[in-house]
Amino acid sequence: MADSPHSDRVLKFSSAPSLEALPEAIDVAAATPPNPPQEIQQKFVGLSYEAAYSEAETFVKVVDQMATKHTGSGVADAKHIIDFGSGWGRISRFLLAKTEPTHIHALDVDPEMTTLVNVTLPGINAMTVDPFPPTVLGRGRFDLAVAFSVFSHLSGPAHEAWAKEFARVVRPGGVVAITVLDDQFMGQVAGARAAVEAGEADDFATSLATTFEDVDAARAGFDRGEIQFAGSGGGEVRTGDYYGWAAAPVEYVKRVWGSAGFSIVEWVPANVLFPQALVILVRGEDAVDGDAEPVRDHATSGAVPVTRRIRSQVGRVLRRLGLRK
């Protein structure tokens with residue numbers, strides 16, 4: 001080896017075993033992808049197996065229905081999709097039932113999770129991103145972006161930065177679907193504190209009661225339309241300066257996403273479809289890009305508040321999905 005004209009690294013690479021066949025992109029209609037360990041599933045989504053997948057399936061079905069309703073194009077029509085905060089890929093698995101793996105960009109801050117997605121869902125573009133944008137993604141390239149239980153954990157600065165980044169990478173007319181913690185979460189925290197004071201709290205309530213140092217101040221700030229963030233961290237790269245519990249009132253989401261150029265077209269309160277509120281947004285033609293000033297606030301023109309009409313629309317969606325009679 002000492003007489004070789006090649007480096008040790010060249011020799012090690014060249015002597016490695018050769019593949020007998022090229023790997024193929026995942027086809028969920030033909031083969032079921034392997035699951036991560038149960039503890040990984042629980043760590044990232046709080047659920048595992050049937051419960052985790054049922055929630056993901058419903059989310060993708062509802063996003064498909066609502067995107068089609070508001071833009072005429074569903075998941076299958078989208079050629080470029082972002083699964084933001086993809087974790088171990090449960091949402092991506094159900095996107096794969098409707099589109100090609102190369103159409104999906106699974107973004108996460110955790111390199112272990114993007115490595116896991118690359119191994120279990122080969123063909124998907126799994127990318128590790130920084131906690132704050134920008135990303136290397138192309139301007140106006142994406143038709144659809146989804147983020148399930150992601151913005152419910154991001155600080156105000158992180159939430160606002162990613163709203164602007166989505167405005168940069170999502171095309172005009174494109175759809176963004178996110179979930180957030182709403183008023184019901186604030187009620188849960190207050191209820192947990194009351195249970196602790198009464199000596200009736202279980203372990204979960206005891207933990208939840210400490211979410212905000214001053215619950216009354218947090219409630220007042222929420223009622224003023226301000227995001228309420230309690231940094232707790234989520235392990236590894238999810239540090240407490242940007243990751244924790246985040247309750248976002250309707251007014252805040254309207255203001256942040258509206259100033260970035262998105263219109264809220266659906267707002268489904270928490271515990272109607274999911275434990276968190278579902279928000280469907282459509283990007284306008286004049287979306288903010290980078291540091292540019294917004295042309296106008298879309299959230300004040302055509303935004304959909306939580307009303308009887310939205311609940312009626314949700315009921316129709318649930319019936320179409322076979323989730324309600």
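Please refer to the structure higher up on the page.
Only a predicted model underlies this, so the values are computations on that prediction, with no experimental measurement involved.

Okay, the sheet that holds strand 5 (residues 170-180) next. With respect to topology, seven strands assemble into an open sheet ordered 3-2-1-4-5-9-8, the strand pairing being mixed. Strands at the two margins of the open sheet, each flanked by one partner only, are strand 3 (125-128) and strand 8 (262-268). In this sheet, adjacent strand axes meet at a mean angle of 15° when their direction is disregarded. As defined by bridge partners, strand 2 (residues 104-108) adjoins strand 3 across four bridges and the pair is classed as parallel.

Put simply, helix 7 (residues 183-197) and helix 9 (residues 215-223) touch, their axes get as near as 11 Å, and they point 165° apart. When the axis of helix 7 is compared with that of helix 9, the two are roughly antiparallel. The chirality of how helix 7 crosses helix 9 is left-handed. On the side of helix 7, the interface is formed by D183, M186, G187, V189, A190 and R193, while helix 9 contributes V215, D216, A218, R219 and F222. By residue class, the composition of the contact of helix 7 with helix 9 is six nonpolar, one polar and four charged.

Moving on, we get to helix 5 (residues 111-120). Considered for burial, the residues of helix 5 that qualify are M113, T114, L116, V117 and T120. Projected onto a plane normal to the axis of helix 5, the buried residues spread over an arc of 155° and lie on a single side. In helix 5, the exposed positions that point more than 90 degrees away from the buried face belong to E112 and V119. Elements that come into contact with the buried residues of helix 5 comprise helix 2 (38-45), helix 4 (90-95), strand 2 and strand 3. At the N-terminal end of helix 5, a side-chain oxygen is found 2.9 Å from the backbone nitrogen of E112, two or three residues along, and the residue is D110.

As a further point, take the pattern of salt bridges. Counted by the stated rule, this structure contains 13 salt bridges. Across the pair E236 and K43 runs a salt bridge whose closest N-O atoms are separated by 2.8 Å. Here the residue E236 occupies a position in the loop between strand 6 (228-231) and strand 7 (244-247), and K43 occupies one in helix 2, the gap between them amounting to 193 residues. In this structure, a network of salt bridges that share partners links the residues D108, D110 and R238.

Each value, and the rule that gives it
Residues numbered from 1 in each chain as written. Predicted model: local features only at pLDDT ≥ 70, side-chain atom pairs only at ≥ 80, totals over all residues. Heavy atoms only, no water. Pairing = 2+ DSSP bridges. Helix = DSSP H or I, 4+ residues; strand = E, 2+ residues; numbered from the N terminus. Axes fitted to C-alpha atoms, helices over the stretch in contact; angles between N-to-C directions. Parallel < 35°, antiparallel > 145°, perpendicular 65-115°, else oblique. Left-handed = near helix turned anticlockwise from the far one by under 90°. Contact = heavy atoms within 4.5 Å. Nonpolar A, V, L, I, M, F, W, Y, C, P; charged D, E, K, R; others polar. Buried < 20%, exposed > 50% of the residue type's maximum accessible area, 1.4 Å probe, protein only. Arc of directions from axis to C-beta. Polar contact = N/O pair within 3.5 Å; in protein donor to acceptor, adjacent residues only side chain to side chain. Salt bridge = Lys/Arg side-chain N within 4 Å of Asp/Glu carboxyl O.

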